[in-house]
Amino acid sequence: MGEAREVMDRLTDAVTAHRDLKVVAELYAEDAVAYTPDEGEIHGRDNIVEYWRQMTESVPDGRFESLHSYEIGDTAIDEGVYRGHNTGPLYLPDGDTLPATGKEVGIRGVDLATVKDGRITEYRLYFDELEFLGQLGLLPDETP
């Protein structure tokens with residue numbers, strides 16, 4: 001196992017098993033950049049840690065079920081399903097929040113972490129945001 005794989009596994013563990021934001025912060029470079037479907041481009045370690053704080057608060061029992069994991073050079077790639085219950089507030093990009101729905105989610109996604117000198121410098125997360133919102137019952141009813 002190479003450095004990228006080890007760092008990615010530690011990130012997954014810190015976010016889902018232990019919800020340890022101190023460890024999350026230690027894993028990102030100060031000038032890291034993250035790309036997410038819900039928040040777009042996030043610059044800097046502190047802002048990325050805040051993203052993870054909001055996610056773990058929204059779905060505090062979140063867990064990641066790995067389907068595939070890879071390492072190519074300095075990049076680790078995971079595909080899996082993120083499962084949990086929305087029992088905390090949902091944070092919106094404009095800073096507002098929605099109350100918890102209490103509903104269970106199971107979202108398939110892919111994330112990639114590029115690692116240099118033991119820290120994530122670039123992180124990409126892909127998941128279907130409409131599927132997530134639909135599972136929470138937050139999409140408008142399509143029937144007229």
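Our subject is the structure that appears above.
All of the points below concern the structure found in this document. Since this is a predicted model, take the numbers as computed values, not measurements. (Residues numbered from 1 in each chain as written. Predicted model: local features only at pLDDT ≥ 70, side-chain atom pairs only at ≥ 80, totals over all residues. Heavy atoms only, no water.)

Brief notes about the packing of aromatic side chains
Taken as a whole, this structure holds four aromatic pairs when the rule is applied. Arranged with centres 5.4 Å apart and planes meeting at 75°, the rings of tyrosine 51 and tryptophan 52 form a pair that is edge-to-face. With a relative accessible area of 8%, tryptophan 52 lands in the buried category. Aromatic ring contacts, followed pair by pair, group Tyr28, Tyr51, Trp52 and Tyr123 into a single cluster. (Phe/Tyr/Trp six-rings, centres within 6.5 Å; stacked < 30°, edge-to-face > 60°. Buried < 20%, exposed > 50% of the residue type's maximum accessible area, 1.4 Å probe, protein only.)

Some points on the environment of alanine 100
Examined against the element boundaries, alanine 100 turns out to sit in the loop between strand 6 (97–98) and strand 7 (104–116). You can call alanine 100 partly exposed: its relative accessible area is 37%. Expressed as a C-alpha distance, the spacing of alanine 100 and glycine 88, which sit 12 residues apart in the sequence, is 5.0 Å. (Helix = DSSP H or I, 4+ residues; strand = E, 2+ residues; numbered from the N terminus.)

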